[in-house]
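Examination of the molecular architecture
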Amino acid sequence: MKILVTGAAGFIGSHVAEALLKRGDAVIGVDCINDYYDVKFKKENLGILNKYPCFVFYKADICDFKAMKKVFDKENPEKVVHLAARAGVRPSIDNPFIYEETNVKGTLNLLELAKEAKVKSFVSASSSSVYGNQKKIPFSEKDNVDHPISPYAATKKAGELLCHTYHHLYGMKITCLRFFTVYGPRGRPDMAPYMFVNNVSKGAPIKKFGDGKSRRDYTFITDITEGVLAAADRELEFEIINLGNNKPVSLNEFIAIVEKLVGKKAAANEMPMQPGDVDITYADISKAKKLLGYYPKTRFEEGMKQFVEWYKKNRF
Ligand SMILES: NC(=O)c1ccc[n+]([C@@H]2O[C@H](COP(=O)([O-])OP(=O)(O)OC[C@H]3O[C@@H](n4cnc5c(N)ncnc54)[C@H](O)[C@@H]3O)[C@@H](O)[C@H]2O)c1
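Scoring rules and cut-offs
The numbering scheme is per chain: residues are counted from 1 as the chain's sequence reads. Totals for whole chains, interfaces and linings use all residues, but because this is a predicted model, local features are given only for residues with pLDDT of at least 70 and pairs of side-chain atoms are given and counted only at 80 or more. Think of it this way: any DSSP run of H or I at least four residues long counts as a helix, any run of E at least two long counts as a strand, and we number them from the N terminus. Three exposure classes are used, based on other C-beta atoms lying within 10 Å of a residue's own C-beta, which is placed from the backbone: buried for 20 or more, exposed for 12 or fewer, and partly exposed in between. Contact between two residues is assigned when their C-beta atoms, built from the backbone, lie within 7 Å. Defining nearness, a residue is near a molecule or strand when the C-beta atom obtained from its backbone falls within 6 Å of it. Three classes are used, and their members are as follows: Ala, Val, Leu, Ile, Met, Phe, Trp, Tyr, Cys and Pro are nonpolar, Asp, Glu, Lys and Arg are charged, and the others, Gly among them, are polar. Here, axes are lines fitted to C-alpha atoms. For helices the fit covers the stretch in contact, and angles between N-to-C directions go from 0 to 180 degrees. An angle below 35 degrees is read as roughly parallel, one above 145 as roughly antiparallel, one from 65 to 115 as roughly perpendicular, and any other as oblique. In plain words, the nonpolar core is the set of buried Ala, Val, Leu, Ile, Met, Phe, Trp, Tyr and Cys residues that C-beta atoms within 7 Å link up. Put simply, a crossing is left-handed when the front helix is turned counterclockwise from the back one by less than a right angle, and right-handed when it is turned clockwise. To estimate how far a helix should extend, the number of its residues minus one is multiplied by 1.5 Å. DSSP-based pairing: two strands are paired if at least 2 bridges between them are found.

1. Quick look at the overall build of the protein
Along its length, the protein carries eleven helices and 13 strands. The C-alpha extent of the protein, read off along each of the three principal axes, is 55 × 45 × 35 Å. When burial is assessed residue by residue, the protein has 45% of its 316 residues classed as buried. Long-range pairs, those at least 24 residues apart, make up 82% of the contacts in the protein between residues at least 6 apart in sequence.

Put into structure tokens, the structure is as follows:
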């Protein structure tokens, strides 16, 4: 299969592209390599992918329809895995316009081009943040998600709506995957797992938002990658599916695990919860089990162990 992966230089995109290449698919990677975080990390990710002869890369912005059309016309992808996005909740509050541009217009461009190319399946990254501050747990795909609490979440919900529209109008086979906080090797430096390990290793203070009782469902990257590949392979009609771990971890437990693995005490600066932050994320993954055969295998402490080992080799 020839699969176009957007956001291929990013954290999840580079893992998904690598897993596809390892099993023998051809991958067309697209990424604008923006500077949301250090571009050096994205270039390192591309360095890993460039070793595979069946990988071709285009530095292109998904918001640029003409540039993306050239990629589709030249490469004729059979499937699309759309992971490029402006990610991150707090920065979306400071700069909502760039989130709307990439996450809504960029997604629309890809749907339009994928429709023209008559792709066999389209997988799109959504997020647990669409559940907002919902109190009912665990979060099910059946729950109403009309109350996002950040521009990021609203753009991810908008992406899902566009996907449904393209399925309805053109019969495209589309699966939207709601990822629940993904972590692991090559993880994003703006996310808590990376920042906590980095700061504690260097003896720098960490920012602890709230009283430490907020809980989050952390999902290890290899589990997410398996779910994404299953979604691309199964060519479901139209589905929205949670990919989480179904085992939320409190912030206090998380900090204790980091201290144990790094071997140092954390100096925590306690701060109030931030606008856009949610109290708990907790995935009901029964639909993913049923439709994708998705069974996350990595316990949080084990995944963090692998992350810390990677961090020590590559970042410290
Ligand atoms: N990491 C998580 O915990 C998490 C959770 C929920 C959802 N997601 C979603 O998963 C996807 C991948 O996230 P990630 O953590 O790998 O983020 P990432 O920032 O590491 O990767 C995204 C990539 O997209 C690229 N990109 C951004 N705007 C672009 C544009 N206009 N044109 C082309 N490329 C562009 C970036 O340069 C980056 O390399 C995103 O859609 C994100 O919203 C991630």
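2. Considering the site of the ligand
The environment of the ligand is made up of 28 residues, and the closest members are Gly 7, Gly 10, Phe 11, Ala 85 and Ala 125. Listed by contribution, the elements that provide at least two residues to the shell around the ligand are helix 1 (11-22), helix 5 (96-116) and strand 5 (121-127). Broken down by element, the shell around the ligand gets its largest block of residues, three residues, from helix 1. Looking at the shell around the ligand residue by residue, the classes come out as 15 nonpolar, eight polar and five charged.

3. Comments concerning the packing of helix 1 against helix 2 (residues 39-50)
In contact at an axis separation of 10 Å, helix 1 and helix 2 are set at 5° when each is read in the N-to-C sense. It follows that helix 1 is roughly parallel to helix 2 by the angle criterion. Contacts between helix 1 and helix 2 involve Ser 14, Ala 17, Glu 18 and Leu 21 on the former and, on the latter, Asn 45, Ile 48 and Leu 49. Among the residues making up the contact of helix 1 with helix 2, the classes are represented as four nonpolar, two polar and one charged.

4. Considerations on the nonpolar core
Ranked by size, the top nonpolar core spans 80 residues in total, and within it Val 5, Ala 17, Val 81, Leu 177 and Val 197 carry the most contacts. Setting aside residues no more than four positions away along its own chain, Leu 177 makes contact with Val 123, Ala 125, Ser 126, Gly 227, Val 228, Ala 231, Ile 241 and Leu 243.

5. Quick word on unusual backbone geometry
Geometrically, the link from Ile 137 to Pro 138 is a cis peptide bond, its omega value of -10° lying close to zero. Turning to its location among the elements, Pro 138 is positioned in the loop between strand 5 and helix 6 (151-170). One non-glycine residue with positive phi stands out, namely Ile 33, at about 50°. By the element assignment, Ile 33 lies in the loop between strand 2 (26-31) and helix 2. Overall, the presence of 17 C-beta atoms within 10 Å leaves Ile 33 in the partly exposed class. Of note in this structure, Lys 118 is not a glycine but carries a positive phi near 50°.

6. Quick notes on the packing of helix 7 (residues 192-202) against helix 9 (residues 251-262)
As a packed pair, helix 7 and helix 9 sit with axes 10 Å apart at the nearest point and diverge in direction by 50°. The angle between helix 7 and helix 9 places the two elements in the oblique class. For the pair helix 7 and helix 9, the sense of crossing is right-handed. Every residue of helix 9 that contacts helix 7 at Phe 196, Val 197, Val 200 and Ser 201 is listed here: Ile 255, Val 258, Glu 259 and Val 262. Broken down by class, the residue content of the contact of helix 7 with helix 9 amounts to six nonpolar, one polar and one charged.

7. Observations regarding helix 11 (residues 300-314)
Relative to the 21 Å expected for 15 residues at 1.5 Å per residue, helix 11 spans 21 Å between its end C-alpha atoms, a close match to the ideal helical length. Residues of helix 11 that are buried sit in contact with strand 7 (182-183), helix 7, strand 10 (219-220), strand 12 (249-250) and helix 9.

8. Description of the sheet that holds strand 5
In spatial order, the strands read 3-2-1-4-5-6-11; together these seven strands make up an open sheet with parallel pairing. Every interior strand has two partners, whereas the edge strands, strand 3 (55-59) and strand 11 (238-243), have only one. Strand-to-strand twist in this sheet, taken as the mean axis angle between neighbours without regard to direction, amounts to 20°. Direction of pairing for strand 6 (residues 174-179) relative to strand 11: parallel, over a ladder of six bridges. In the strand pairing of strand 11, Leu 177 is matched with Ile 241. Contacts between helix 3 (residues 65-75) and the sheet are confined to strand 1 (2-6), strand 2 and strand 3, with strand 2 contributing the most and set at about 170° to the helix.

Geometric values such as these leave the question of function open.
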